Amino acid sequence: MLLRSLLPALMLLSALSGLAQNRGRRTEIQESLESRYRITKVGPTALGMRGNEASVRRAGGVVVLRRNGLLGSFKRNELVSNAIYGDRTEILSGDQQSAVPLKAGERFYVIAVSVSSDAVTLGLLSVATRGSGSESGQVWGSLNFFFDKKVLEQGQAEKIFPEIDAWLLPEGTEVAPAAASSAQPAIPANTARTSDLTIGLHPGMTRGEVVSALGRPRREITFGDRLWLDYAGITAFLEKGKLESVDSNTAPGAVKIASDPSGAEIDLNGSFVGSTPAVLQLQPGSYKITVKQPGYQDWQRELKVLAGSEESIAAKLSK
């Protein structure tokens, strides 16, 4: 009798435990995506400083769209929401009449990641400005990748990442020729220039072969069938025990940019990246920074960013 009376409570506790576990796995997927894409923070500054909703306050990674067939908008509050089911797409919401097509090859910041019970949602903002008819500006996008609920509940990263990779990839990542629905990351063609350590690596190597070639990693991170081997300067990524890609993990440099007057546009190597004041997280290298404001002369500077460095720039604009 006692067991029978306790049964409903035990069933409820079991159900709640299952829900918590599912949320935990979805959280792991979200954290993995946020780490991979390095989320960009956008929006006006605090304390009354000028800026607009597309102002980049902290630049993260950039992704490249691989396919046509999706729509975006010049206005964030009139966003078109795209649903993606493998190779099939449809519009969930938004005004298609005022929408603009998202172009294959176009570069985007990832500004938001959300994982629900049946979908992974990515918020995008184009790096460059575009014009269409009487409108121009950066383009906003919302991509909703739908999966069987069990895939997200069980955190099946091996099914989630390839579906997303078929549509967009972090900049600098190349894929082996394959059907889009099963595209897998491959070692980038420029890997050998990333570090001398990568010489001799090739797709399909086992963990033991990678460790034999590179030595013991600083740390190993495992998620399902995926394994990351972290070395100084590079990270080797294995899936199902086979090497898939090698990426640079050099620490970015922080570049703080302010201007007088404030609210000026910042161009990085010719592409709009935000408005002052801003903090840009940039990979080591040389950059041409242009700060401009209507009615003022453009301010330019060549900047060399070192790994892990911090640089402050104060651009005083002249009439």
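Counting restarts for each chain: residues are numbered from 1 in the order of the written sequence. Under the rules for a predicted model, residues below a pLDDT of 70 receive no local features and side-chain atom pairs below 80 are neither given nor counted, while totals for whole chains, interfaces and linings still include all residues. Heavy atoms from the whole structure form the basis of all side-chain values; hydrogens and water molecules are not counted.

## Some thoughts on the nonpolar core
So, point 1. Among the buried residues, those of types Ala, Val, Leu, Ile, Met, Phe, Trp, Tyr and Cys that are joined through side-chain atoms within 4.5 Å form a nonpolar core. Buried, partly exposed and exposed residues are distinguished by accessible area as a fraction of the type maximum, computed with a 1.4 Å probe on protein chains only: under 20%, between the cut-offs, and over 50%, respectively. Ranked by internal contacts, the top residues of the largest apolar core, which has 30 residues, are L33, V120, L122, F145, I164 and L168.
So, point 2. Secondary structure counts use DSSP, requiring at least four H or I residues in a row for a helix and at least two E residues in a row for a strand, with both numbered from the N terminus. Of all the secondary-structure elements, those providing two or more residues to this core are helix 1 (2-37), strand 3 (62-65), strand 7 (100-102), strand 8 (107-115), strand 9 (119-126), strand 12 (140-146), helix 2 (149-153) and helix 3 (157-165).
So, point 3. Whether two residues are in contact is decided by their heavy atoms: any pair within 4.5 Å suffices. With residues near it in sequence (within four places) discarded, V120 still touches L33, S114, V115, L143, N144, F145, F147, L152, I160 and I164.
So, point 4. Counting residues in each nonpolar core, the second largest holds 28 residues, with A59, V305, A315 and L317 among its members.

## With respect to the packing of aromatic side chains
So, point 1. Aromatic contacts are taken between Phe, Tyr and Trp rings whose centres are within 6.5 Å, Trp giving its six-membered ring; a plane angle under 30 degrees counts as stacked, one over 60 as edge-to-face, and the others as tilted. Going through the model one piece at a time under the given rule, you end up with two aromatic pairs.
So, point 2. Seen in terms of ring centroids, Y85 and F146 are 5.1 Å apart; in terms of plane orientation they differ by 15°. Their pairing is stacked. Within this pair, whereas Y85 is found in strand 5 (residues 81-85), its partner F146 is found in strand 12, the two being separated by 61 residues in sequence.
So, point 3. A cation over an aromatic ring shows up here: R67 above the ring of W167, its NZ or CZ 4.7 Å from the ring centre.
So, point 4. Lying over the aromatic face of Y296, K319 brings its terminal NZ or CZ to 4.3 Å of the ring centre. Two thresholds decide whether a charge sits over a ring: the Lys NZ or Arg CZ must be within 6 Å of the ring centre and within 35 degrees of the ring normal.

## What to know about the environment of L227
So, point 1. Its place among the elements puts L227 in strand 15 (residues 226-230).
So, point 2. Residue L227 is classed as buried on the basis of its relative accessible area, which comes to 13%.
So, point 3. Along the backbone, L227 and F237 are 10 residues apart, and their C-alpha atoms lie at a distance of 5.8 Å.
So, point 4. Setting aside its immediate chain neighbours within four residues, L227 contacts R207, E220, I221, T222, A236, F237 and L238.

## Brief notes about the side chain of S142
So, point 1. You can see S142 is positioned in strand 12.
So, point 2. Exposure remark for S142: the relative accessible area of 10% places this residue in the buried category.
So, point 3. When near neighbours in sequence (up to four residues on either side) are disregarded, S142 contacts L79, V80, S81, N82, T121 and L122.

## A closer look at the sheet that holds strand 13 (residues 168-170)
So, point 1. The pairing criterion is simple: DSSP has to find at least two bridges between the two strands. Taken in spatial order, the seven strands of this open sheet run 6-5-12-9-8-3-13, and their pairing is mixed. Strands with a single pairing partner mark the edges of an open sheet, and in this sheet they are strand 6 (88-93) and strand 13. Within the sheet, the average angular offset between the axes of one strand and its neighbour, ignoring direction, is 35°.
So, point 2. Relative to strand 8, strand 3 runs antiparallel, the two sharing three bridges. Bridging across to strand 8, V63 finds its partner in F108. Axis lines are fitted to C-alpha atoms, over the contacting stretch for helices. Their N-to-C directions set the angle, which ranges from 0 to 180 degrees.

## Concerning the confidence of the model for the protein chain
So, point 1. When the pLDDT values of the protein chain are averaged, the result is 76; 77% of them are 70 or greater.
So, point 2. Throughout residues 12-20 the model reports pLDDT below 50, and contacts reaching past four residues in sequence, or to other chains, amount to zero contacts.
So, point 3. Residue-level confidence of the predictor, termed pLDDT, takes values from 0 up to 100. Ignoring residues within four places in sequence, the model shows residues 174-197, a span with pLDDT below 50, making 51 contacts including any to other chains.

## Side note on the pairing of strand 3
So, point 1. Alignment of strand 3 against strand 13, held across three bridges, turns out to be antiparallel. Bridge pairing in strand 13 places V63 opposite P170.

## Re helix 5 (residues 207-214)
So, point 1. Within helix 5, the full set of buried residues consists of V210, V211 and L214. Viewed end-on, helix 5 has its buried residues packed into an arc of 95°, placing them on one side of the element.
So, point 2. Positive phi appears at G215, one or two residues downstream of helix 5, with a value of about 95°. The arc in question is formed by the directions pointing from the helix axis toward the C-beta atoms.

## Comments concerning the pattern of salt bridges
So, point 1. Counted as salt bridges are all cases of a side-chain nitrogen of Lys or Arg within 4 Å of a carboxyl oxygen of Asp or Glu. Under the criterion given, the structure shown has seven salt bridges.
So, point 2. For the salt bridge of D87 with R67, the shortest nitrogen-to-oxygen distance reads 3.2 Å. Pair noted here: D87 is in the loop between strand 5 and strand 6 and R67 is in the loop between strand 3 and strand 4 (70-72), with a separation of 20 residues, a long-range link.
So, point 3. The salt bridge partner of R88 is E90, with a shortest N-O separation of 3.1 Å.

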